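# Fold and contact review
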2 protein chains.
Amino acid sequence: MTDRLTVDVSLDQGRAYSILIGRGLLDEAGVRIASLGARAAVIVSDSNVAALYADRLRTSLEAAGLRSGLVTVAPGEASKSYATYAEVCDGLLAHKVERGDIVVALGGGVVGDLAGFAAATLRRGVRFVQAPTSLLAQVDSSVGGKTGINSPLGKNLIGAFHQPRLVLADTATLDTLSEREMRAGYAEVAKYGLIGDAAFFDWCEAHWAGIFSGGPERDEAVAICCRSKAGVVVRDEREDGERALLNLGHTFGHALERLTGYDSDRLVHGEGVAIGLALAFRFSARLGLCPGQDAGRVANHLALAGLPTSLAAVPGGCGDADALLDAMAQDKKVRDGALTFILARGIGQSFIAPGIDAAEVRAFLTDELLAG
Amino acid sequence: MTDRLTVDVSLDQGRAYSILIGRGLLDEAGVRIASLGARAAVIVSDSNVAALYADRLRTSLEAAGLRSGLVTVAPGEASKSYATYAEVCDGLLAHKVERGDIVVALGGGVVGDLAGFAAATLRRGVRFVQAPTSLLAQVDSSVGGKTGINSPLGKNLIGAFHQPRLVLADTATLDTLSEREMRAGYAEVAKYGLIGDAAFFDWCEAHWAGIFSGGPERDEAVAICCRSKAGVVVRDEREDGERALLNLGHTFGHALERLTGYDSDRLVHGEGVAIGLALAFRFSARLGLCPGQDAGRVANHLALAGLPTSLAAVPGGCGDADALLDAMAQDKKVRDGALTFILARGIGQSFIAPGIDAAEVRAFLTDELLAG
Ligand SMILES: NC(=O)c1ccc[n+]([C@@H]2O[C@H](COP(=O)([O-])OP(=O)(O)OC[C@H]3O[C@@H](n4cnc5c(N)ncnc54)[C@H](O)[C@@H]3O)[C@@H](O)[C@H]2O)c1
Ligand SMILES: NC(=O)c1ccc[n+]([C@@H]2O[C@H](COP(=O)([O-])OP(=O)(O)OC[C@H]3O[C@@H](n4cnc5c(N)ncnc54)[C@H](O)[C@@H]3O)[C@@H](O)[C@H]2O)c1
Ligand SMILES: [Zn+2]
Ligand SMILES: [Zn+2]
């Protein structure tokens, strides 16, 4: 096996694990998963990704002496539902997954969250491995152990903390990802720079095209993002503090996803995040917290990468300021009716801002909607 | 507040909690739950129990300054389903349960398992309090943090380990429990003696009537059972070993529940356990592990308490030996196709017996079915 870019997630209590990053890792998956000491490894994937990569992964698993199986769900956010969760659990049980076996999540963040939650709760917890195939999943959702599904009352409201035993990010799988999903994942890449690493945001401005085209910049960017996220997760696994910074752009973004009915034809998660990042910086600037030129630089760069950066860019619209505020108030970052936002003092200088006045937010959103 | 019989569950990492036992505890629930530092406490109950006790509990909660709410499900094992789980989660969300709030499970083991699993997974985990109202729940299911629901593929296959923050066993609530459910719970009481405490089984033979009638023996028995279970749970929370002993009688019992379609008109959990206990001892005797007279004493005592002790006692029958074996093989205690049983060398001397030959079990069951 080739040497791979590796990021360690140094959690305690035997829960430390590695993130491996590189082209062609899927073909090494069998050996690497077998070394965890399992007998069977059952894959959960969506039909898009399964058609492209499930056979290769199964071949690798079986060659390493693992019994394999496959449970497939429909692609898209709608699969993060109670009903599909039940189907995945029953599918894994039908494949006779026992307590020592391993669930492999092969796909984007939807599959990772869903399969991870099924693994967390199947027989009260079986091990799982993330094999992320979207850029968003490789740089964000596959790392850190947040798993879950959506409730009709809100996104990611049901779930568990359940860390994977291994993350295998085969960056060659991104070659088949649609341009749109690539861009959406790129919003999360840029997010890491904006949260706490201004130098990485500079680097992104210079090298983003290489990430899209699959040059060495891609692996490098995935590794930098994973290292950044792993650090946060180790310091604050349960999001009692710092981890909330990873939600930069997400309070706005989740509200937009809710208001567009989680319909990925209209808006995918990363697009919501891109708009949310631009809004978070403009809102910070409006509150006098952040230089206006930083807000401009953020929006410009995201737009250059082909991402939406304003409410007007939401296809079919997103309702008025009150609808947006209502959708935000349902979000889980609400405490005692006051809104908690992640704001920024500049690029790479985000912070948790609790107790933001709803009237302040409403006025901002009204102006954003008027600006078009 | 009165002094109460108390059993401590001394888990680490801030997860230690108390089990309080006594008549009238529901009226103290508000103060005791408020002292955990919550703002809101939302009750999950079934319609039988809610009609009897929800108002009293809510009054107590509100008097202690807690915002309260109530989510009600249909009574019976069928509520431990994916669908009812989703309803409970959404019901709790509709009551605006946030991360610092508390879910209170008011009811028998069904409500405890279901509400506990909802609490384990709502917003990736909120705290919960058990207020068990069936004998079975007071002596067994409310303690130890196993929560979960059933899959069409088997009982308790989906769930989480999630310890309650407090258990309030108001033994006066058992006054309204049906005779049948009282007997069913009593099977679990006797189980503790049979597992590892021969003196307690002696005591049960002498005092069982006082447990049923609500004398001081009832509180005493609940405390003894909880102390026994708490010890096992602290030593082996995740059932890597010793905790499996608590499944004495359950491999047979679960198979019978499955074969009667989880239809509580035909068989309730404790009745399955009673039959299972009698079978486990007779099977142990047949294998030459246990004196035949101990097996006889077990069956006699359970029968005296009004419990079924043979396969013939299953209303509507339970299929042939192969059907039973199939139902057992689906149970989660199966490893590599070999059956693991909890057997006994005598009353109070149970042990884990892995690798029991299926043919041996089939022959035993065939004879049991012939014996009628
Ligand atoms: N758990 C976390 O910490 C966390 C963090 C961020 C986001 N998320 C979640 O992640 C989800 C979004 O993930 P996503 O953007 O990966 O969406 P996704 O899983 O829906 O994938 C996007 C689309 O790309 C397709 N696809 C994936 N990999 C492909 C490949 N290699 N080739 C071709 N097509 C491919 C999928 O089939 C899908 O249609 C959201 O539900 C979000 O809540 C979770
Ligand atoms: N989590 C664990 O460790 C564990 C252990 C043992 C059993 N269990 C589970 O517990 C469940 C069985 O629990 P159960 O026997 O309590 O069943 P249950 O919860 O269905 O209660 C039995 C019946 O009694 C009624 N009832 C309860 N309290 C009452 C009261 N005070 N007055 C009047 N009626 C009352 C209920 O409405 C129900 O109809 C099973 O699902 C089993 O798997 C879990
Ligand atoms: Zn995101
Ligand atoms: Zn039981």
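Residues numbered from 1 in each chain as written. Chains lettered and ligands numbered in written order. Predicted model: local features only at pLDDT ≥ 70, side-chain atom pairs only at ≥ 80, totals over all residues. Heavy atoms only, no water.

### Things to note about the coordination of the zinc ion (ligand 4)
Residues and elements named next belong to chain B. The protein atoms donating to the zinc ion (ligand 4) are Glu 188 (OE), His 250 (NE2) and His 269 (NE2), with metal-donor distances spanning 2.0 to 2.2 Å. Mapping the donors of the zinc ion (ligand 4) onto the primary sequence gives the spacing E-x61-H-x18-H. Here Glu 188, found in helix H6 (residues 179-196), pairs with His 269, found in helix H10 (residues 269-286); they are 81 residues apart in sequence, far enough to count as distant. Here Glu 188 and His 269 have matching classes, each one buried. (Donors = N, O, S within 2.8 Å, 3.2 Å for Na, K, Ca; no water. Helix = DSSP H or I, 4+ residues; strand = E, 2+ residues; numbered from the N terminus. Buried < 20%, exposed > 50% of the residue type's maximum accessible area, 1.4 Å probe, protein only.)

### Here we look at empty space enclosed by the protein
Residue and element names in this part refer to chain A. Summed over all chains, the structure comprises three cavities of 30 Å³ or more. If you add up the space inside the second largest cavity, you get close to 40 Å³. Those elements giving two or more residues to the lining of the second largest cavity turn out to be helix H9 (250-259) and strand S10 (339-344). No other element matches H9, which puts three residues into the lining of the second largest cavity. Partitioning the lining of the second largest cavity into residue classes produces five nonpolar, four polar and no charged. (1 Å grid on protein atoms, 1.4 Å probe; cavity = no way out; pocket = protein on both sides within 12 Å on 5 of 7 lines; lining within 4 Å. Points joined across faces, edges and corners; volume = space filled by probe spheres on them. Nonpolar A, V, L, I, M, F, W, Y, C, P; charged D, E, K, R; others polar.)

### Describing the relation of the copies chain B and chain A
Overlaying chain B with chain A gives an RMSD of 0.0 Å, the required rotation being 180 degrees about an axis along which the chain moves by 0.0 Å. Considering both components of the superposition, the chain copies are consistent with a two-fold axis. Among all C-alpha atoms of chain B, that of Tyr 82 of chain B lies closest to the rotation axis, at 3.8 Å. (Least-squares fit on C-alpha atoms with pLDDT ≥ 70 in both.)

### Let's talk about the interface of chain B and chain A
With 35 residues of chain B in contact, the opposing surface of chain A contributes 35 residues. Regarding the contact of chain B and chain A, the summed buried area is about 3100 Å², with carbon and sulfur atoms giving 49% of it. Our count for the contact surface shared by chain B and chain A stands at zero salt bridges. Every element with two or more residues in the side of chain B that touches chain A is listed here: helix H3 (82-94), helix H4 (109-121), strand S7 (146-151) and strand S8 (154-161) of chain B. (Contact = heavy atoms within 4.5 Å. Buried area = accessible area lost by both parts, 1.4 Å probe. Salt bridge = Lys/Arg side-chain N within 4 Å of Asp/Glu carboxyl O.)

### Some remarks on the UniProt feature "binding site: Zn(2+)" (unreviewed entry) in chain A
All names here are of chain A. UniProt records the feature "binding site: Zn(2+)" (unreviewed entry) for Glu 188, His 250 and His 269 in the present numbering. A maximum C-alpha distance of 10.2 Å is found for the annotated residues, which run over 82 residues; spatially they form one tight group. Checking the named residues against the second largest cavity, the ones that line it are His 250. Taking the relative accessible area as the measure of exposure, Glu 188 reaches 0% and is therefore buried. (UniProt positions renumbered as here; feature names shortened; annotations may be inferred.)

### Regarding the layout of surface pockets
The computed volume of the largest pocket comes to approximately 1700 Å³. Around the largest pocket, the lining is made up of 41 residues, and of these Arg 15, Phe 161 and Arg 238 of chain A together with Phe 161 and Arg 238 of chain B lie nearest the centre. Secondary structure elements with two or more residues in the lining of the largest pocket: helix H4 (109-121) and strand S8 (154-161) of chain A together with H4 and S8 of chain B. Its residues assigned to classes, the lining of the largest pocket shows 10 nonpolar, 14 polar and 17 charged.

### Points about the sheet that holds strand S9 (residues 166-170) of chain A
Residue and element names in this part refer to chain A. Read from one edge of the open sheet, seven strands run S1-S2-S9-S6-S5-S3-S4, paired in mixed fashion. With partners counted over all chains shown, the strands left at the sheet margins are strand S1 (5-9) and strand S4 (67-73), one partner each. Put simply, the sheet's adjacent strands are angled 20 degrees from each other on average, direction ignored. Bridge analysis of S1 against strand S2 (residues 17-22) gives five bridges, and the strand direction is antiparallel. Considered in S2, the bridge of Val 9 is made with Tyr 17. Packing against the sheet, H4 makes contact with strand S3 (40-46), S4, strand S5 (102-107) and strand S6 (127-132), and its axis sits at approximately 165 degrees to S5. (Pairing = 2+ DSSP bridges. Axes fitted to C-alpha atoms, helices over the stretch in contact; angles between N-to-C directions.)

### Describing the packing of H3 of chain B against H4 of chain B
All names here are of chain B. At a minimum axis separation of 10 Å, H3 and H4 run at an interaxial angle of 60 degrees. One way to sum up the angle between H3 and H4 is to call them oblique. Both H3 and H4 take part in a crossing whose hand is right-handed. Each of Thr 84, Tyr 85, Val 88, Cys 89 and Leu 92 in H3 lies in contact with H4, whose residues at this interface are Leu 114, Phe 117, Ala 118 and Thr 121. For the contact of H3 with H4, the residue count by class is seven nonpolar, two polar and no charged. (Parallel < 35°, antiparallel > 145°, perpendicular 65-115°, else oblique. Left-handed = near helix turned anticlockwise from the far one by under 90°.)

### Regarding the coordination of the zinc ion (ligand 3)
When a metal holds four donors in a tetrahedron, each ideal angle between them is 109.5 degrees; when it holds six in an octahedron, the ideal angles are 90 or 180 degrees. All names here are of chain A. Protein coordination at the zinc ion (ligand 3) comes from Glu 188 (OE), His 250 (NE2) and His 269 (NE2), with a distance range of 2.0 to 2.2 Å. Donor residues binding the zinc ion (ligand 3) come from one chain and are separated in sequence as E-x61-H-x18-H. Placement of the pair is His 250 in helix H9 and His 269 in helix H10 (residues 269-286), with a sequence separation of 19 residues. Residue classification places His 269 among the buried positions, given a relative accessible area of 18%.

### Quick look at the site of ligand 1
Residues and elements named next belong to chain A. By nearness alone, 26 residues border ligand 1, and Asp 46, Glu 77, Gly 109, Ser 134 and Thr 176 come closest of all. A distance of 2.9 Å separates a nitrogen atom of ligand 1 from a polar backbone atom of Thr 173. Contacts to ligand 1 include Lys 229, whose side-chain N or O atom sits 3.4 Å from an oxygen atom. Its free accessible area being 860 Å², ligand 1 has 90% of it covered by the protein chains. Taken together, the elements giving at least two residues each to the shell around ligand 1 come down to helix H2 (47-63), H4, helix H5 (135-141) and S8. Sorting elements by how many residues they give to the shell around ligand 1 places H2 first, with four residues. For the shell around ligand 1, the class distribution of residues is seven nonpolar, 10 polar and nine charged. (Near = heavy atom within 4 Å. Polar contact = N/O pair within 3.5 Å; in protein donor to acceptor, adjacent residues only side chain to side chain. Areas by Shrake-Rupley, 256 points an atom, 1.4 Å probe, with all protein chains shown as cover.)

### Thoughts on the nonpolar core
Tyr 85, Leu 92 and Ile 158 of chain A together with Tyr 85, Leu 92 and Ile 158 of chain B are the most contacted members of the largest nonpolar core, which has 56 residues in total. With residues up to four places along the chain from it excluded, the contact list for Tyr 85 of chain A reads Leu 114, Phe 117, Ala 118, Thr 121 and Ile 149 of chain A together with Tyr 82, Tyr 85, Phe 117 and Ile 158 of chain B. (Core = buried A, V, L, I, M, F, W, Y, C linked by side-chain atoms within 4.5 Å.)

### Some thoughts on the side chain of Ser 81 of chain B
All names here are of chain B. Inspection of the secondary structure puts Ser 81 in the loop between strand S4 (67-73) and H3. For Ser 81, a relative accessible area of 19% puts it in the buried group. When near neighbours in sequence (up to four residues on either side) are disregarded, Ser 81 contacts Ile 149 and Asn 150.

### Structural notes on the environment of Gln 349 of chain A
Residue and element names in this part refer to chain A. With respect to the element layout, Gln 349 can be found in the loop between S10 and strand S11 (350-356). Residues Gln 349 and Glu 220, 129 residues apart in the sequence, show an inter-C-alpha distance of 22 Å. Residues in contact with Gln 349, not counting those within four places in the same chain, are Leu 194, Ile 195, Leu 343 and Ala 344.

### Some thoughts on the pattern of salt bridges
Following the criterion strictly, the structure yields 48 salt bridges over all chains and no others. Taking the shortest distance from any N to any O, the salt bridge between Lys 155 of chain A and Glu 257 of chain A comes out at 3.6 Å. Residue Lys 155 of chain A is located in strand S8, and its partner Glu 257 of chain A is located in helix H9; the two are separated by 102 residues in the primary sequence. For the pair Lys 155 of chain A and Glu 257 of chain A, one class covers both residues: buried. Residue Glu 239 of chain B pairs with Lys 146 of chain B through a salt bridge whose shortest N-O separation is 2.3 Å. Pair noted here: Glu 239 of chain B is in the loop between helix H8 (216-235) and helix H9 (250-259) and Lys 146 of chain B is in strand S7, with a separation of 93 residues, a long-range link. Note on Glu 239 of chain B: relative accessible area 14%, which makes it buried. Here the salt bridges do not stand alone but share partners, grouping Glu 77, Lys 80, Asp 113, Lys 155 and Glu 257 of chain A into one network.

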